Every structure is written in C-alpha cells, then in structure tokens.
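Secondary and tertiary structure notes
So the chains spell out like this:
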Amino acid sequence: MELLLYLEFYAFPILFLLSTIAVNAPYGKFARDGWGPQFNGKWSFFIFEAVSPLFFFYFWWISNTLSSVYSIFLCSLYMLHYIYRSIIFTYITPSMKPASLPIILSAIFFNSINGYNNGIATSQLSSSSSILLSILGTSLFIIGKEKSCNFNFVGLSINIHSDAHLRSLRSKPGNNPNAYYIPDAGFYKYVTAANYFGELVEWFGWSLLLYPNVAGLAFFFCTFANLVPRAMSTHQWYKQKFSEKYPKDRYVIIPFVF
C-alpha cells in the first residue's frame, strides 16, 4: 500500500473524526472570524472542489494501461459527481459565506491526495472477466457491482435533491435569501443532514465499485468521519435555532438509525 493511500485509509479518518468532534469547522452556517484571511465563498468552493477531479483524471489518464470499459465507466461516475459539485452546484447556489484560508488549504490538501489515490485505483481495474460473467448472467460479483452502482446514483440523486430543496426554501416569495428555514422534503423528512446522507450513500457505493482496491473505502471512511460529526452539530444547531418548531422525531443523518 502506497504511503498516500496508507495515510488516507488509516490516518485521515481518525484525524477528521477527532478534529470535527473537537471543533466545528468554520464554514457554512458555522463560519466565524478568527481563522485567518477569508475569501469569496463561491470561488473558494469551486477551487478546492475542482482539485479532486483534476488530480483524479490526470493520474487516471497517465496510469491507464488497461483502458477497460469498467475503468472508463468509473472515471465517468467520479467526474459526474464533481462536475455537479464544483461547477453546477457552485453556479446555481445564490451565495456562500466566505471561506477562511485554513479551510481552503486543508480541502485542497485532502482533495489532491484523494483524487490521486482514486485515480490510480480506477485506472487499474479490468472489466474483461466482468463483462463475460455479466453476459452469462450468473455472477454474484456482477450483481453486487450493479447494486453498488445503484448506491452511487441514488446517493448522488439524494444529494442533488437535498441541495435543491434548501435553495427552494430561500427562494420562496417573502423568504430571506440569506436566512435558514426548516427543510421538510425528500429525506429531510427523516434526517437533519439529508445532503450528507446522500454523500455517504454515494461514496459507500463507490467503495464497493472499486473493491478489492481500498482507495474507495478510504474515501468513504474519510467522508463518514468528516460528515457525521458535522451532521451532529448541524442537528443541534437546528434544534437550538427553531426550538419547539423543529421535528423531535427527526434523525441526525441515517434514517431510522441515527
């Protein structure tokens, strides 16, 4: 296991979990002064999100000696997520709070390593045996791959719908475009952090698609360690802000579980 993959698989999840439990990262609704210089939120988000697909595609391209259909398919899935996340989402979001320099640099650092690890891993996947077994229709491995692909698409769909619902609340006539409202559609009926839940589902599916390579699993572990404590803080924030108005039966991030 290469050093960078070793770091992402073992060290980063622990670091993310401990740091996000100890401190609410100062971005979004938790943005605050005292964390160094601040920069335009939308441009900052675009830059540090775009790093991951750039690194992914570059190292996938230069390392892709197999040129398998499966590898190309997975590359397309990864790029689809980040085209939405870095370009479409950033463009259609009316405004974002300023981002502090430590947040920008840490995001660029992680996304560079994550893009590299997953690009290398995806370039090494062969689909020759998978295609044959898929045609025969007798492979549990292929059935598993198709299900994990569904996880990936379902997760992305949940994420996109959740983002759209949050935007729609602010765009309603009479609502303040910079204020926060109680979301009540889609998976927000069940959890406070439906957008985070979508990302967990998506990258869990990705980890299955890359198996037995552990780069996808490392990405999922890091996502889980970063988003679950963030979701807990967000849940508490909504409860404090809206008090009795906030649904008491709403879970934090995983419907009917947590």
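Now for a description of the structure that goes with this document. (Residues numbered from 1 in each chain as written. Predicted model: local features only at pLDDT ≥ 70, side-chain atom pairs only at ≥ 80, totals over all residues. Heavy atoms only, no water.)

Let's shift gears to helix 2 (residues 41-63). Between its first and last C-alpha, helix 2 extends 34 Å over 23 residues, near the 33 Å set by a 1.5 Å rise per residue. Within the sequence span of helix 2, burial applies to Gly41, Ser44, Phe45, Phe48, Glu49, Ala50, Val51, Ser52, Pro53, Phe56, Phe59 and Trp60. On the buried face of helix 2, the contacting elements are strand 1 (38-39), helix 3 (69-92), strand 2 (99-100), helix 4 (101-123) and helix 7 (194-210). One side-chain oxygen at the N-terminal end of helix 2 lies 3.1 Å from the backbone nitrogen of Lys42; it belongs to Asn40. (Helix = DSSP H or I, 4+ residues; strand = E, 2+ residues; numbered from the N terminus. Expected span 1.5 Å × (residues − 1). Buried < 20%, exposed > 50% of the residue type's maximum accessible area, 1.4 Å probe, protein only. Contact = heavy atoms within 4.5 Å. Polar contact = N/O pair within 3.5 Å; in protein donor to acceptor, adjacent residues only side chain to side chain.)

This part is about empty space enclosed by the protein. For the structure on display, the rule yields one cavity of 30 Å³ or more. For the largest cavity, the full set of lining residues is Thr20, Val23, Asn24, Ala25, Tyr27, Asn226, Arg230 and Ser233. Looking at the lining of the largest cavity, the element that brings in the most residues is helix 8 (residues 215-242), giving three residues. Along the lines of polarity and charge, the residues of the lining of the largest cavity split into three nonpolar, four polar and one charged. (1 Å grid on protein atoms, 1.4 Å probe; cavity = no way out; pocket = protein on both sides within 12 Å on 5 of 7 lines; lining within 4 Å. Points joined across faces, edges and corners; volume = space filled by probe spheres on them. Nonpolar A, V, L, I, M, F, W, Y, C, P; charged D, E, K, R; others polar.)

Here the focus is the environment of Phe256. Mapping Phe256 onto the fold places it in the segment after helix 8. Note: C-alpha distance between Phe256 and Tyr190 (66 residues apart in sequence) is 7.5 Å. When near neighbours in sequence (up to four residues on either side) are disregarded, Phe256 contacts Tyr190 and Tyr251.

The tendency in soluble globular proteins is for nonpolar side chains to be buried side by side. Of all hydrophobic cores here, the largest spans 37 residues; its most connected members are Leu74, Tyr78, Trp203, Trp206, Leu210, Phe219 and Ile253. The set of elements that each furnish at least two residues to this core consists of helix 1 (3-22), helix 2, helix 3, helix 4, helix 7 and helix 8. Per-element tally for this core: the top contributor is helix 8, with nine residues. For Leu74, the residues in contact, after removing those within four places along its chain, are Thr122, Leu125, Trp206, Leu209 and Leu210. (Core = buried A, V, L, I, M, F, W, Y, C linked by side-chain atoms within 4.5 Å.)

Turning next to the pattern of salt bridges. Summed over the entire model, instances satisfying the criterion amount to three salt bridges. Put simply, Arg85 and Glu199 hold a salt bridge, and the shortest N to O gap is 3.8 Å. With Arg85 in helix 3 and Glu199 in helix 7, the pair connects residues that are 114 residues apart, well separated along the chain. Like Arg85, the residue Glu199 is buried in the burial classification. Among the salt bridges present, the one from Lys248 reaches Glu244, with a minimum N-O distance of 2.7 Å. Residues joined by salt bridges that share partners form a network here, namely Arg85, Asp163 and Glu199. (Salt bridge = Lys/Arg side-chain N within 4 Å of Asp/Glu carboxyl O.)

Bringing the packing of aromatic side chains into the picture now. Overall, the coordinates contain 38 aromatic pairs when judged by the stated rule. Where Phe9 meets Tyr10, the ring centres are 4.8 Å apart and the plane angle is 80°; that geometry is what we call edge-to-face. Among the aromatic residues, those joined into a cluster by ring pairs are Phe12, Phe16, Phe56, Tyr78, Tyr82, Phe109, Phe110, Trp203, Trp206 and Phe219. One Lys or Arg, Arg170, reaches over the ring of Tyr180 and ends 4.7 Å from the middle of that ring. (Phe/Tyr/Trp six-rings, centres within 6.5 Å; stacked < 30°, edge-to-face > 60°. Lys NZ or Arg CZ within 6 Å of the ring centre and 35° of its normal.)

Attention shifts here to the side chain of Thr234. By the secondary structure assignment, Thr234 is in helix 8. Residues in contact with Thr234, not counting those within four places in the same chain, are Lys29, Phe30, Thr192 and Tyr196.

Viewed as axis vectors pointing N to C, helix 4 and helix 8 meet at an angle of 150°, and their least axial separation amounts to 9 Å. In terms of their interaxial angle, helix 4 and helix 8 are classed as roughly antiparallel. Residues Phe110, Asn114, Asn117, Asn118 and Ala121 of helix 4 pack against Ala215, Gly216, Phe219 and Cys222 of helix 8. Taken together, the residues that form the contact of helix 4 with helix 8 break down as five nonpolar, four polar and no charged. (Axes fitted to C-alpha atoms, helices over the stretch in contact; angles between N-to-C directions. Parallel < 35°, antiparallel > 145°, perpendicular 65-115°, else oblique.)

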